[in-house]
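Inside the fold
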Amino acid sequence: GNYASGSSGNGLTVIDLAANTRQTFVLGGTPFSVAFGIDNRALVATSAEFLSFDPATGNSQVVGSIAGVTTKSLPQPVASFPNSIVGASMTASGDGLFIFGSALASGGSSGGSGGGASGGGNQTLEYTYDVTTRSLKATLWIWGTVPGPRAVSTNFDGTLHMSAWSLYDRTHDMSLSFYHVQNLDAGGTHVFDSARGRIYAQFVEKAAAAAPGVTTTVTLPTPAPLLILDADNLRQRDKLLVPENFSGKSVLSSDGAVMYGISDSGVMIVPIGDLSRIPRLTVSKEDLTFKGNFCDRRISTQEVTIIDPSGAATDFALSSTTAGISFTPARGVTPATVRITVDPSAFQNQKGTVTAQITIQSVKAANVASPIRVLINNKEPDQRGTSVNIPGQLYDLLADPVRDRFYIIRNDRDEVLVFDGANQTQIATLRTGHRPSQLAVTFDRRYLLVAHRNAQVIKVFDLETLEEALPIRIPGCAPFSVAVSGKSILAIGWCLGTNQILKVDLLSRTASFLPSLGVYENKNIDLNAIMTGSPNGSTILVAQPDGSLYLYNANVDTFTASRKDLTALDGAYAASSYDQYVVGNFLLNASLVPTGVFSASTGRSSGFAFLDQGGFRVTAADSAGPGVIQRVTAQGPAQSTRLVEAPLLPPAPAASTGGTTTTTTPAPAAASTSPTFTRTIQPLYGRNALIALTTSGFTVIPWNFDAAVASPRLERVVNLADGAAPVAPGSLVAISGNNLSPINLASQQMPLPTALGESCLTVNGVPLPVVFVSPTQINGQIPFSVDGNVALILRTPGGVSDTFNLTILPGAPGIFRNGSAGGQTDLPAVFRASNGLLVTDTNPVHRGDTISIYVTGLGRTSPAVDAGVPAPGDPLATALVQPTVTIAGMPAPVEFAGLVPGSVGVYVINARVLSNTPPGLQQTLFVSQGGTSTAISVRVVD
């Protein structure tokens, strides 16, 4: 039955469904819950005992008293046993062979047993009744708060059952618990769907308690969603909207088509079998990544598809609170392709990766659609590394010590992602328990171990086959940190009301509590503590947020050091093979004495990896800024190098209130959005690259990231057409100097890029489109928006150049010298319209001809054209200031002057040669505009 509070008397009513009769029997105590087994007898939980009841005769037999069952409970009896039950719930497996129940007990006091805060608390008796043997086994748990939902459910064969927020096996081992449930009221429910391998569950949380002396108005929460979870590891598949909260037990119909559940106002009916036909929203991509750079201010667009798997035309509406992100359409019906646009100018002051969200709402959809994560990066050329997007919540990074691979925990999907170190492609997905938290590789390099915050198991994977091996089960403990030495495997577990360090036996797949930590007590280890082993297997370091440190020594198989010289720790942690350790910003020796402090000027501590007797350190000021990496040697950290984005950071320290804070063990173990201690940098096995866990996924950092690169120096800017110094808005230019680019690279991309080969030019802060870069020359186009005295600055991986001052004139025509004819090259680009051929001595200008002169530097046009963008053909982009042309002193009327359609920065002047133009072998052709001019020689004939 539901988690009932009992009737006013001791009566149990039996209703004969065939005869439509009822009969009430008097029991020795108040009945709270009942369930039938395959023997057609009912197990009844009363206030004082458990009864096996025959509904046909009304006869009952005592299976066990509360005191008797509690005395036999596992893992250990309490000092003062509860004397009665005040509420209970139970259910039978689908095959009728087992009955599982949960009873809220009162009376007695806690003696340290159970899974919650010690020294008192709420006692629940979790019990299993074997119908065939009529035997009852139980475990008594003590919680800091009443666990909920007040329901018990089971799969068909009884191998798994769920009580409150936790998943148990038949022996009451709490294999999994739901990760964020605390301080529950009586709301919520759960029920197994064995045929589909799912659990449908709703968890309802109370509002946080008000601060002392603060008056608050408590409002009822909106209905919590009904979660669709994998039955084996509680991975969340979907969230369904329901009209109100459940308040206890739920059942499925025999065909699995309908879920019935007790709810706030009665019974709620959910058509589970029709989920494939119920309107829902899904999105084709979890993440959208917009990768730009400091010099690329162009608006960028990507597409996502919003669909309803049921095939219905379901409404949706998109919204975002982040300026600079827009979408078209912002609302509509499925299926729909949505164009999401990012204006990089809104993020130009952010040099790392900005994370934004687009939320999706619907009136008709029955599910809560996951938001789209939008990642915008505007790096500068000196920021190293290539970021690779991985959606979701990432928790830990570990490189394989003998294979060119690395492993990343995706915490929200209960997975470990396996990547090839050579090309950084994903090669496998390993399915874990609920909320994986830390990785370790066994000392023989054969197995990957995965610790969990909300699973009482260490998952084991064979690294040769990438197949799951037999796990290490730790009844009563959720091992959230694991580390390996040459002698032992240790883990920190959330165990039976106190967090302790355990020794793990891989061969037997068991674990046991260490009786002590050397001369130190093994208890009350912090829920956010971490441990890690040295690469040579000699030691294991344990660090806690309060500054406590412990060191296990494999040579003597015990803990040999413990200190608390520091008041708080978080961030990076690492152990070397040379008796050195790093926690946060502190370098420690073999006695755990701080011997050095890393500067906090580069940001908060995130990751550290030892390599030989040196290492690598990553920090960041915040998650949206650039990361910083340093190569650390015996002399200390080398010069800082900026990364393309920030490494993952621990939660920001809470601000002190000046008062005393009392912390109790939550129930179950709380899972933070990010861990207190972070491992975010790892050198790959081949020493060809480093991998960092960063804002959008991971970043591949070249091994020589800090190789010396000389700063760029600008020396001269000339017109690309003729090499003359005057330039105008829109001019194609050649910029010469030293160390302008680490490579030679040309681009055929249209529009022209504003960064090429990690070189980026700005004119008065406006990006300059470029077409070619080399160490000594850059070719590009002056933006149309700048003129007068301007400042030119170049950014490269070597740094930022000194400012180069330049005067940009309204017009500065230069005739291209890129023509060729026969064996001649570098000829002026002047063509006869009559035959379309280049003007040469053998194809001279004829009086009366129309000629086309190709130039750059005629300035702004109408209509206006953006720099780097090919000119339009309709309408033609005409020069605002008309140039003049003369040949041999005679005017050549200009019929058109403007940009060549489809080209960038190239203008054409169409001029008519008058019939009285003097003939000659070398007549001067002048092109003038706004006080500047250029001249070439041409042959003119009749």
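What counts as what
- Residues numbered from 1 in each chain as written.
- Predicted model: local features only at pLDDT ≥ 70, side-chain atom pairs only at ≥ 80, totals over all residues.
- Heavy atoms only, no water.
- Helix = DSSP H or I, 4+ residues; strand = E, 2+ residues; numbered from the N terminus.
- Rg over C-alpha atoms; globule rule 2.2 N^0.38 Å.
- Buried < 20%, exposed > 50% of the residue type's maximum accessible area, 1.4 Å probe, protein only.
- Contact = heavy atoms within 4.5 Å.
- Lys, Arg positive; Asp, Glu negative; His and termini not counted.
- Charge placed at Lys NZ, Arg CZ, Asp CG, Glu CD.
- Salt bridge = Lys/Arg side-chain N within 4 Å of Asp/Glu carboxyl O.
- Pairing = 2+ DSSP bridges.
- Axes fitted to C-alpha atoms, helices over the stretch in contact; angles between N-to-C directions.
- Core = buried A, V, L, I, M, F, W, Y, C linked by side-chain atoms within 4.5 Å.
- Disulfide = S-S within 2.5 Å.
- Phe/Tyr/Trp six-rings, centres within 6.5 Å; stacked < 30°, edge-to-face > 60°.
- Lys NZ or Arg CZ within 6 Å of the ring centre and 35° of its normal.

A look at the overall build of the protein
The helix and strand tally for the protein stands at 1 helix and 86 strands. Here the protein has a C-alpha radius of gyration of 37 Å; the compact-globule value for 942 residues is 30 Å, and the former is much larger. With the C-alpha coordinates of the protein rotated into their principal frame, the extents come out at 130 × 70 × 60 Å. A buried classification covers 54% of the 942 residues belonging to the protein. The long-range share in the protein, meaning contacts at least 24 apart out of those at least 6 apart in sequence, stands at 55%. Counting 59 positive and 65 negative side-chain charges, the protein places the averaged centre of each group 2 Å from the other.

Description of the pattern of salt bridges
Applying the stated criterion to the full structure yields 33 salt bridges. With a shortest N-O distance of 2.8 Å, R642 and D382 are connected by a salt bridge. Here D382 lies in the loop between β30 (372–379) and β31 (386–389) and R642 lies in strand β57 (residues 641–642), a separation of 260 residues in the sequence. Look at R642 and you get partly exposed, because its relative accessible area is 23%. A relative accessible area of 23% places D382 in the partly exposed class. Here R604 ties to D570 by a salt bridge, and the two come within 3.6 Å at their closest N and O atoms. Placement of R604 in strand β53 (residues 604–611) and of D570 in the loop between β48 (558–563) and β49 (571–575) is noted, with a sequence separation of 34 residues between them. Note on R604: relative accessible area 24%, which makes it partly exposed. Salt bridges linked by common partners bring R198, D230, D232, R237 and R431 together as one network.

Overview of the sheet that holds strand β26 (residues 325–328)
On the basis of which strands lie adjacent, the open sheet formed by 4 strands has the order β22-β24-β28-β26 and antiparallel pairing. Each of the sheet's edge strands pairs with one partner strand only, and the pair in question is β22 (282–283) and β26. Across 2 bridges, the pairing between β22 and strand β24 (residues 300–307) is antiparallel. Residue pairing across strands places V283 opposite I306, the latter belonging to β24.

Here's the deal with the sheet that holds strand β5 (residues 49–53)
Strand order across the open sheet formed by 4 strands is β3-β4-β5-β6, with antiparallel pairing between neighbours. If you trace the sheet from one side to the other, it starts and ends with β3 (31–36) and β6 (60–65), each paired once. Averaged over all adjacent pairs, the angle separating strand axes in this sheet is 25°, with direction ignored. With 5 bridges joining them, β5 and β6 adopt antiparallel strand pairing. What sits directly across from F53, in β6, is S60.

Focus: the side chain of E244
Tracing the chain through its elements places E244 in the loop between β18 (236–240) and β19 (246–252). Although E244 is buried, it forms no salt bridge, and the closest oppositely charged side chain is R150 at an N-O distance of 17 Å. With residues near it in sequence (within four places) discarded, E244 still touches Q202, P223, S263, D264, S265, G266 and M268.

Observations concerning unusual backbone geometry
Each neighbour pair has its own omega, and for S862 with P863 the value is 0°, a cis peptide bond. On the secondary structure map, P863 appears in the loop between β79 (861–862) and β80 (878–879). Residue P875 is reached from D874 by a cis peptide bond, and omega for that bond is 5°. Within the secondary structure, P875 is located in the loop between β79 and β80. A positive phi angle is found at N20, which is not glycine, with a value near 55°. For N20, a relative accessible area of 69% puts it in the exposed group. Backbone geometry places D414, a non-glycine residue, at a positive phi of 55°. Tracing the sequence through the fold places D414 in the loop between β33 (405–410) and β34 (415–420). Judged by its relative accessible area of 1%, D414 falls in the buried class.

A word on the nonpolar core
In terms of nonpolar packing, the biggest core is built from 28 residues, with I851, I853, V885, I887, I909, L925 and V938 touching the most fellow members. Those elements that provide at least two residues to this core are β78 (850–856), β81 (884–887), β83 (894–899), β84 (907–912), β85 (920–929) and β86 (932–941). Counting 24 residues, the second largest nonpolar core, distinct from the first, contains I306, A356, I358 and I376.

Re the state of the cysteines
Inspection of the entire model under this criterion finds 1 disulfide. Across the disulfide, C477 is cross-linked to C495 (sulfur-sulfur distance 1.9 Å). Across the S-S bond of C477 and C495 the torsion is about 130°, and the bridge reads as right-handed. One end of the pair, C477, is in strand β41 (residues 477–484); the other, C495, is in strand β42 (residues 489–495), and 18 residues separate them in sequence. Like C477, the residue C495 is buried in the burial classification.

Regarding the packing of aromatic side chains
Taken as a whole and assessed by the stated rule, the structure comprises 14 aromatic pairs. Ring centres of Y520 and Y550 lie 6.2 Å apart, and the angle between their planes is 65°; on these two criteria the pair is classed as edge-to-face. In this pair, Y520 is assigned in the loop between β44 (510–513) and β45 (530–533) and Y550 in strand β47 (residues 549–553), connecting sequence segments 30 residues apart. The buried category is assigned to Y550, whose relative accessible area is 13%. Three or more aromatic residues joined by ring pairs make a cluster, and in this case those are Y520, Y550, Y552 and F559. Sitting over the ring of F480, R453 keeps its end group 4.9 Å from the ring centre. The ring of Y447 has R509 sitting right over it, with the charged end atom 5.9 Å from the ring centre.

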